[in-house]
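So the chains spell out like this:
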Amino acid sequence: MGSVIIIPMVDRARDALIALSFLWVVFGFVVAGRVFARHRGIGLGLDDGLAVAAFCLTGTTIGFNAAVFTAGVGHDMVPDSDLFPTLMNNLEFMMKITFIFTIVYIWSLFALKMSQLWFYLRAFSVHLKVWIWIVSGICIAWGVIFTFVVTFLCDPIEQQWTLMRIGKCMDQILVLKCVIMTNILTDLMIIVLPMRTVWSLQMRTTEKVAVASCFAIGLACVVIGLVRFGEIFVIDMVGNFTGTSFTTFMLCSIELMLAGICINIPMLRPFYLRWRKKGKSSADSSGYANPSTLQGARSGKATPLPSVKGNYSAWIELEDDKDRDSDSNNDGCSERKLTTASRPDPPVGSPTEPSAIHVSTKWTITRD
């Protein structure tokens, strides 16, 4: 192979790079928000580290796209065209990039899947621990098996990119089909896993739908996977690789960007709660009483304000019905429930100051 000759990108390749760069920036902002919220709250965990790793790996795919687009992907390999000799010169380089791209794609998806599952383990371990470990085992096996298969697809490995016939290979298209379909199946497992538990949280129905929708955004990645599966049948590895692989390269990166955004959006809920709290504070300061405060006053119980240090804590903490305070249903708010625990009432006639009432707070989301 001679040195790579740069070819001007086609217009759709340039547009694709702009779109991918924009999605990656959005991905970065969402991950940064997640890390900040966790740092201010319960602290960073393995799921946050995996999200950052996935963000870095996903960013490299933009460079891979730029490399193959400037090497000829997007141009048809027509023997009579002036570009044909240049495309043939660059073909080995593009095949090397494809080999590396595929492995990075698998690792990025693996990091994203495990990040979401580790978050589930922190948030839903009481109710879904066994299922989370089962799905985690499936995803680990998926990542290890396909990394091995893609790496040793040919014997020797160099046969995957060299134009000379120096060995033999398995059916590369069949392997890619298996990667895509098993990825879709594991995505569906991860999306469905917490739905029943989320729906049982003590929230208004609209907020249950909102939380469930945050997890269900991942269905967009399933749709992209199905489109990619169709595109696999279009790729002509022998006769026109550069002209038929453009959409696959682009969709691979888009899928990673959207998956990263989807799994990190739910982690931004503390910012939403803080925004809601500010809105309530503004309403209270304008003379409108908080219904939960009035209810606490009528029942003779002290109701703590939600301005508690540690607002940026884990946004889901489940608690069994038997452990829930029977009065927690009085609070119709969808934020973390405020459970008050006061000392026994003093004897009748003893002096008591309102400020002397001891109140301890616990922030939880309870199940119905």
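Bear in mind that the values here come from a model prediction, so they are computed numbers and not experimental data.

## Notes on the UniProt feature "transmembrane region" (unreviewed entry) in the chain
Next up, step 1: On the UniProt side, "transmembrane region" (unreviewed entry) is annotated at positions that read residues 16-37, 49-73, 93-110, 130-153, 173-197, 209-227 and 247-268 here.
Next up, step 2: Counted over residues 93-110, helix gives 100% and strand 0%. Its end C-alpha atoms are 26 Å apart.
Next up, step 3: Secondary structure across residues 130-153 divides into 92% helix and 0% strand, with the first and last C-alpha atoms of the span separated by 34 Å.

## Details of the packing of aromatic side chains
Next up, step 1: Counting across every chain of the model gives twelve aromatic pairs.
Next up, step 2: Ring centres of phenylalanine 27 and phenylalanine 55 lie 5.3 Å apart, and the angle between their planes is 90 degrees; on these two criteria the pair is classed as edge-to-face. Placement of the pair is phenylalanine 27 in helix α1 (residues 11-40) and phenylalanine 55 in helix α2 (residues 46-71), with a sequence separation of 28 residues.
Next up, step 3: Between the aromatic rings of phenylalanine 101 and phenylalanine 249, the centroid separation amounts to 5.6 Å while the plane-to-plane angle is 65 degrees, which identifies the pairing as edge-to-face. Remark: phenylalanine 249 occurs in helix α9 (residues 246-264) and phenylalanine 101 occurs in helix α3 (residues 84-151); sequence separation between them is 148 residues.
Next up, step 4: Taken together, Phe64, Phe101, Phe241 and Phe249 form an aromatic cluster joined through their ring pairs.

## Re the state of the cysteines
Next up, step 1: Per the counting criterion, the structure on display carries one disulfide.
Next up, step 2: A sulfur-sulfur separation of 1.8 Å characterises the disulfide bridge that pairs cysteine 154 with cysteine 169. Around the S-S axis, the bridge from cysteine 154 to cysteine 169 shows a dihedral of about 110 degrees and counts as right-handed. In this pair, cysteine 154 is assigned in strand β1 (residues 154-155) and cysteine 169 in strand β2 (residues 168-169), connecting sequence segments 15 residues apart.
Next up, step 3: Using a relative accessible area of 6% as the deciding quantity, one classes cysteine 154 as buried.

## Looking at the packing of α2 against α3
Next up, step 1: Closest axis-to-axis distance for the α2/α3 pair is 8 Å, and the angle between their directions is 160 degrees. Comparing the axis directions of α2 and α3 gives the class roughly antiparallel. Note that α2 runs across α3; the crossing there is left-handed.
Next up, step 2: Taken together, the residues of the contact of α2 with α3 sort by class into 22 nonpolar, seven polar and three charged.

Conventions and cut-offs
- Residues numbered from 1 in each chain as written.
- Predicted model: local features only at pLDDT ≥ 70, side-chain atom pairs only at ≥ 80, totals over all residues.
- Heavy atoms only, no water.
- UniProt positions renumbered as here; feature names shortened; annotations may be inferred.
- Helix = DSSP H or I, 4+ residues; strand = E, 2+ residues; numbered from the N terminus.
- Phe/Tyr/Trp six-rings, centres within 6.5 Å; stacked < 30°, edge-to-face > 60°.
- Disulfide = S-S within 2.5 Å.
- Buried < 20%, exposed > 50% of the residue type's maximum accessible area, 1.4 Å probe, protein only.
- Axes fitted to C-alpha atoms, helices over the stretch in contact; angles between N-to-C directions.
- Parallel < 35°, antiparallel > 145°, perpendicular 65-115°, else oblique.
- Left-handed = near helix turned anticlockwise from the far one by under 90°.
- Nonpolar A, V, L, I, M, F, W, Y, C, P; charged D, E, K, R; others polar.

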